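Each chain, letter by letter, is given below.
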Amino acid sequence: MKTTMFLVRHCEAKGNTLGVLQGRTDCDVSGNGQKQLDLVGLRLRNEPFSAIYSSPLKRAYKTAQAINQYHHLEIIKDERLVEIDMGKWEGLPWATIEKEAPEQLRIWNEDPWKFEAPGGESIVHVSERMWEAVNDIASHNGGNTVCIVSHGCAIRSFLSRALERPMNDIPWSDNTAVSVVEMENGKANVLSMNDASHIPPELSVYRSSSSSSVNMGKKEEQ
């Protein structure tokens, strides 16, 4: 029985605007993020969600709350939906990482499946726990439509596995971007990916950033 999953990246958080690596750091929502919350809530107000799941981090949970204002469901926190643990890099400016660990940053940008954060988590592990979480949620909500709020790297790693494509073939999602996936018997059918059409350019860190490795960090992580 197919379960329709709406995977939503969290709204913009203060770490995104400051150019620091957030990972598990529990940054609060930014001013732009609050505006994004209103828009994603409106975007998803008529979807027939039977359940809403969220990463426990503040920026994700507040996004789930904004979506839930039109659905009035219990928001279920799932630790497996949390962002990658970036270990010793947590809270550092991307400019510092670029200066002090250029080779590891190159792997992060160019060959992410080989990346493991110093003192933290590997991309492979993120993908495994996300895949497990989404499949468990699907099995408990067979035939229904579910909303899952997570993070940039976590969602990207899941989509890479779902599409059986290299991670660098999967675009980074904008804040509050929506991907829709049908899950059935452990198999994924990606119907749409990273749709942020509800967010105007002036509210988008992604569309206002350049393509340098440091700025990629700002818009992509996490």
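Placed above this text is the structure.
Throughout this description, residue numbers start from 1 for each chain and increase along the sequence as written. Local features are withheld for residues below a pLDDT of 70 in this predicted model, meaning they are given only at 70 or higher, and side-chain atom pairs are given and counted only at 80 or more; totals for whole chains, interfaces and linings count all residues. In computing side-chain properties, one takes all heavy atoms of the structure into account and sets aside hydrogens as well as water.

### Remarks on the packing of aromatic side chains
Logical step 1: Side-chain rings of Phe, Tyr and Trp (the six-membered ring for Trp) are treated as a pair once their centres are within 6.5 Å; stacked means planes under 30 degrees apart, edge-to-face means over 60, and tilted covers the remaining angles. If you walk through the whole model with that rule in mind, you get six aromatic pairs.
Logical step 2: Relative to W172, the ring of W108 lies with its centre 5.9 Å away and its plane at 35°, an arrangement referred to as tilted. Highlighted residues: W108 in helix α5 (residues 102-110) and W172 in the loop between α7 (152-163) and β5 (178-184), separated in sequence by 64 residues.
Logical step 3: In textbook terms, an aromatic cluster arises when at least three aromatic residues are bridged by ring pairs, as seen for W89, W94, W108, F115 and W172.
Logical step 4: The criterion is that NZ of a Lys, or CZ of an Arg, lies within 6 Å of the ring centre and within 35 degrees of the ring normal, and then a charge sits over that ring. It is K77 that lies over the ring of Y61; its NZ or CZ is 4.6 Å from the centre. Strands are runs of DSSP state E lasting at least 2 residues, helices are runs of H or I lasting at least 4, and numbering of each runs from the N terminus.

### Examining the pairing of strand β1 (residues 3-9)
Logical step 1: Taken across its seven residues, β1 has seven buried, putting it largely inside the fold.
Logical step 2: Neither face of β1 is open: one carries T3, M5, L7 and R9, the other T4, F6 and V8, and all of them are buried.
Logical step 3: In this structure, β1 lies alongside β5, joined through six bridges in antiparallel fashion. In the sheet register, T4 faces β5, and the bridge partner there is E182. Only protein chains enter the area calculation, which uses a 1.4 Å probe; residues under 20% of their type maximum are buried, those over 50% are exposed, and those in between are partly exposed. We call two strands paired when DSSP finds no fewer than two bridges between them.

### Regarding the side chain of S204
Logical step 1: Examined against the element boundaries, S204 turns out to sit in the loop between β6 (187-195) and α8 (205-208).
Logical step 2: Judged by its relative accessible area of 3%, S204 falls in the buried class.
Logical step 3: For this analysis, a polar contact is any N or O atom pair within 3.5 Å, provided that within protein one partner can donate a hydrogen and the other can accept it, and provided that sequence-adjacent residues contribute only side-chain to side-chain pairs. Only 2.5 Å separates the side chain of S204 from the side chain of D174, close enough to count as a polar contact.
Logical step 4: In what follows, a contact means two residues having at least one pair of non-hydrogen atoms within 4.5 Å. Contact partners of S204, with chain neighbours within four places excluded, come to D174 and I199.

### What to know about the nonpolar core
Logical step 1: Remark: nonpolar core denotes a set of buried residues (Ala, Val, Leu, Ile, Met, Phe, Trp, Tyr, Cys) joined through side-chain atoms within 4.5 Å. Membership of the largest hydrophobic core comes to 38 residues, with the highest contact counts inside it found for W108, I148 and F158.
Logical step 2: Secondary-structure elements contributing two or more residues to this core are β1, β2 (49-54), α4 (94-100), α5, α6 (123-140), β4 (145-150), α7 and β5.
Logical step 3: It is α6 that provides the largest number of residues to this core, a total of eight residues.
Logical step 4: For I148, the contacting residues outside a window of four places in its chain are M5, F6, L7, V8, Y53, L81, V134 and I137.
Logical step 5: V40, A60, V178 and V180 belong to the second largest nonpolar core, which has 14 residues in total.

### Points about the pattern of salt bridges
Logical step 1: By salt bridge we mean one thing: a side-chain nitrogen of Lys or Arg within 4 Å of a carboxyl oxygen of Asp or Glu. Under the definition given, this model contains eleven salt bridges.
Logical step 2: Where R24 meets E121, a salt bridge forms, and the shortest distance between an N and an O atom there is 3.1 Å. In this pair, R24 sits in the loop between α1 (14-18) and α2 (31-43) while E121 sits in the loop between α5 and α6, placing the two residues 97 residues apart along the sequence.
Logical step 3: We classify E121 as buried; its relative accessible area is 7%.
Logical step 4: The shortest N-O distance in the salt bridge between R80 and D136 comes to 2.6 Å. Of the two residues, R80 is situated in the loop between β3 (75-77) and α4 and D136 in helix α6; the sequence distance between them amounts to 56 residues.
Logical step 5: Since its relative accessible area comes to 23%, R80 is described here as partly exposed.

Nothing here speaks to function; it is geometry throughout.
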